[in-house]
Amino acid sequence: MRDTEAFRQEELQLGPAGTARPATCLRPRAAGRRPAILYCHAHGNDWSIGWRELTEGRPALPCGPYGPVLAALGFVVLCLDMPGHGARRAEGSESAMAKAAHWRGGTLLGRMLEELGAGIDALASDPQVDAGRIGALGLSMGATHAYWLAALDDRVAAVAHLCAFADMGPLIEAGAHDLHGAYMTVPGLLAEGDMGDVAAMIAPRPQFVGAGRRDPLTPPAALDPALARLRAAYAAAGASRRLAVMVEDDTGHVETPRMRQAVLAFLSESLAERGA
């Protein structure tokens, strides 16, 4: 555990003995039941980072790590190591885990989302947390995790995701889908819909989307149709004001200072003040 003037840092093991998952939690010193964020860490082809992104950051976050900032704003923040990342690298390579999951009739993404759901369980049962004010946040792989989790679990009251949102169909047509890790493969998804349809399931709950026009993972041909369906879903739900989109024209796969400012304002408005 590490103490600072603004927060306490706790290193945790979530889950039953033998299957516990390394995690860290930052707890603000402010009294009372607090809003919370499940922070979903990125991939970045660096499997060594894992939950340490929360407190140490990574190159795609030039504004610095999110954890201390969120804790200073009064959020309880939890981040779990995903399979094969951080302290869990001994579990195997991403390729091996994805292949094994497919052979068993599942997906690595499904396994990750199940574990993140356990993170929501932990926050919802935490006596310091207001279970009605839990959000999810992530960049890149963490962004995919955040909006998929929000689509599947309505306990996520608001979600912010950066540098990952795009339809897979156009990416496959351009060959750009191979830039994504094997964890992200969902067999048969395109027969039912695409990523824009997944994120649309979150409506009418608040959602923030950040992207860069020069990001090879979110090119206009894949980003724009996904955003169009997302906007249509929020409009149909009478919740257009709860959808915030920021697309930066001159940046790529990186959070910009404008995105950081917008994300923090979005989370504060959607969670920190709601019901307070």
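Look up: the structure comes first, before these words.
Residues numbered from 1 in each chain as written. Predicted model: local features only at pLDDT ≥ 70, side-chain atom pairs only at ≥ 80, totals over all residues. Heavy atoms only, no water.

Undergrad: Honestly, the overall build of the protein chain in this entry has me stumped. Any pointers?
TA: Helix and strand counts for the protein chain come out as nine helices and nine strands. In terms of principal-axis extent, the alpha carbons of the protein chain reach across some 50 × 45 × 30 Å. Put simply, the protein chain has 276 residues, and 55% of those count as buried. Nonlocal contacts in the protein chain, meaning residues at least 24 apart in sequence, comprise 73% of its contacts between residues at least 6 apart. With 26 positive and 31 negative side-chain charges, the protein chain shows a separation of 4 Å between the mean positions of the two kinds. (Helix = DSSP H or I, 4+ residues; strand = E, 2+ residues; numbered from the N terminus. Buried < 20%, exposed > 50% of the residue type's maximum accessible area, 1.4 Å probe, protein only. Contact = heavy atoms within 4.5 Å. Lys, Arg positive; Asp, Glu negative; His and termini not counted. Charge placed at Lys NZ, Arg CZ, Asp CG, Glu CD.)

Undergrad: Could you clarify how one ought to interpret the pairing of strand E3 (residues 21–28) in this entry?
TA: Looking down a regular strand, the side chains alternate between one sheet face and the other. Most of E3 sits out of view: eight of its eight residues are buried. Of the two faces of E3, both are covered, the one formed by Arg21, Ala23, Cys25 and Arg27 as well as the one formed by Pro22, Thr24, Leu26 and Pro28. When strand E2 (residues 7–14) meets E3, the two strands line up antiparallel, connected through eight bridges. When the sheet's bridge partners are listed, glutamate 10 is paired in E3 with cysteine 25. In the sheet, E3 pairs with strand E5 (residues 76–80) via four bridges, with the strands oriented antiparallel. Within the sheet, the bridge partner assigned to threonine 24 lies in E5 and is cysteine 79. (Pairing = 2+ DSSP bridges.)

Undergrad: Any chance you could explain the pairing of strand E6 (residues 129–139) here in plain terms?
TA: Extensive coverage of E6 is indicated by the burial of eight of its eleven residues. Direction of pairing for strand E4 (residues 34–40) relative to E6: parallel, over a ladder of six bridges. Along E6, the bridge assignment pairs tyrosine 39 with leucine 137. Strand direction decides the pairing type here: E6 and strand E7 (residues 156–162), joined by six bridges, are parallel. Each residue of the ladder has a partner; that of alanine 136, found in E7, is valine 159. Taken together, E6, helix H5 (residues 141–152) and E7 constitute a β-α-β crossover, and its handedness is right-handed. (Right-handed = clockwise from strand over helix to strand, strands pointing away.)

Undergrad: Explanation requested: H5 in the structure shown.
TA: Count 3.6 residues to each turn of an α-helix, and residues three or four apart come out pointing the same way. The first and last C-alpha atoms of H5 sit 17 Å apart over twelve residues, in line with the 16 Å expected at 1.5 Å per residue. Along H5, the residues classified as buried are Met141, Gly142, Ala143, Thr144, His145, Ala146, Tyr147, Trp148, Leu149, Ala150 and Ala151. On its buried face, H5 is in contact with E4, helix H4 (108–124), E6, E7, helix H7 (195–200) and strand E8 (207–212). (Expected span 1.5 Å × (residues − 1).)

Undergrad: Where do I start with the packing of aromatic side chains in this structure?
TA: Enumeration according to the criterion identifies three aromatic pairs in this entry. Ring geometry for tyrosine 39 versus tyrosine 66: centroids 6.0 Å apart, planes at 45°, classification tilted. Linking tyrosine 39 in strand E4 with tyrosine 66 in the loop between helix H1 (53–56) and helix H2 (67–72), this pair joins segments that are 27 residues apart in sequence. Accessibility expressed as a relative area gives 1% for tyrosine 39, which makes it buried. (Phe/Tyr/Trp six-rings, centres within 6.5 Å; stacked < 30°, edge-to-face > 60°.)

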